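In case you want the letters, here they are:
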Amino acid sequence: MRNYDQDFKVNAIKLYKESGRSMNTIADELGVPSTTFHQWVQAYKKEGEASFPGKGHVKSSEAELIALRKELHHVRLERDILKKAVAIFSVAPGKGTPS
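Owing to the predicted nature of the structure, the values given are computational and were not obtained by experimental measurement.

### Some thoughts on the packing of helix α1 (residues 6-19) against helix α2 (residues 23-30)
- Their axes nearest at 10 Å, the elements α1 and α2 cross at an angle of 135 degrees. The angle between α1 and α2 places the two elements in the oblique class. As for the relative orientation of α1 and α2, their crossing is right-handed in sense. Side by side, α1 and α2 meet where Phe8, Ala12, Leu15, Tyr16 and Ser19 of the first sit next to Met23, Ile26 and Leu30 of the second.
- Along the lines of polarity and charge, the residues of the contact of α1 with α2 split into seven nonpolar, one polar and no charged.

### Some points on helix α3 (residues 34-47)
- The terminal C-alpha atoms of α3 lie 20 Å apart, and with 14 residues this matches the ideal 20 Å at 1.5 Å per residue to within 8%.
- Residues of α3 that are buried sit in contact with α1 and α2.
- Positive phi appears at Gly48, one or two residues downstream of α3, with a value of about 65 degrees.

### Brief notes about the side chain of Lys9
- Checked against the element boundaries, Lys9 lands in helix α1.
- Look at Lys9: it is buried, it has no salt bridge, and the nearest opposite charge is Asp5 at 7.9 Å.

### Observations concerning the confidence of the model for the chain
- Overall, the prediction assigns the chain a mean pLDDT of 84, with 85% of residues at 70 or greater.
- At the low end of the mean pLDDT range in the chain sits helix α4 (residues 60-89), at 88; at the high end sits α2, at 92.

### Concerning the pattern of salt bridges
- Per the counting criterion, the structure on display carries two salt bridges.
- Arg21 is the salt-bridge partner of Glu29, the closest N and O atoms lying 2.9 Å from each other.
- Here Asp80 makes a salt bridge to Arg79, at a shortest N to O gap of 3.1 Å.
- By relative accessible area, Arg79 is classed as partly exposed at 41%.

Rules behind the numbers
- Residues numbered from 1 in each chain as written.
- Predicted model: local features only at pLDDT ≥ 70, side-chain atom pairs only at ≥ 80, totals over all residues.
- Heavy atoms only, no water.
- Axes fitted to C-alpha atoms, helices over the stretch in contact; angles between N-to-C directions.
- Helix = DSSP H or I, 4+ residues; strand = E, 2+ residues; numbered from the N terminus.
- Parallel < 35°, antiparallel > 145°, perpendicular 65-115°, else oblique.
- Left-handed = near helix turned anticlockwise from the far one by under 90°.
- Contact = heavy atoms within 4.5 Å.
- Nonpolar A, V, L, I, M, F, W, Y, C, P; charged D, E, K, R; others polar.
- Expected span 1.5 Å × (residues − 1).
- Buried < 20%, exposed > 50% of the residue type's maximum accessible area, 1.4 Å probe, protein only.
- Lys, Arg positive; Asp, Glu negative; His and termini not counted.
- Salt bridge = Lys/Arg side-chain N within 4 Å of Asp/Glu carboxyl O.
- pLDDT = per-residue confidence, 0-100.

Structure (structure tokens):
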């Protein structure tokens, strides 16, 4: 399987938009599978050049989702610690603790 960089994908999509030729024709000329080219065009329509962040990089929308998941995990840990603290400190003196 061949990997294509962001510049190649964006230039291919611009060629398609400016030339007036079909997606299949452009894909054939560039040696890209037509289904792959269709996916690129759909992604470009949805998010523009941000659709192709490259390996090891995430889209801004995915980065925000990752950050929110981390924050949620942190808040849940804090909540669980507070629940345990309340349970410990709400035990009446002399009950449950050896003297």
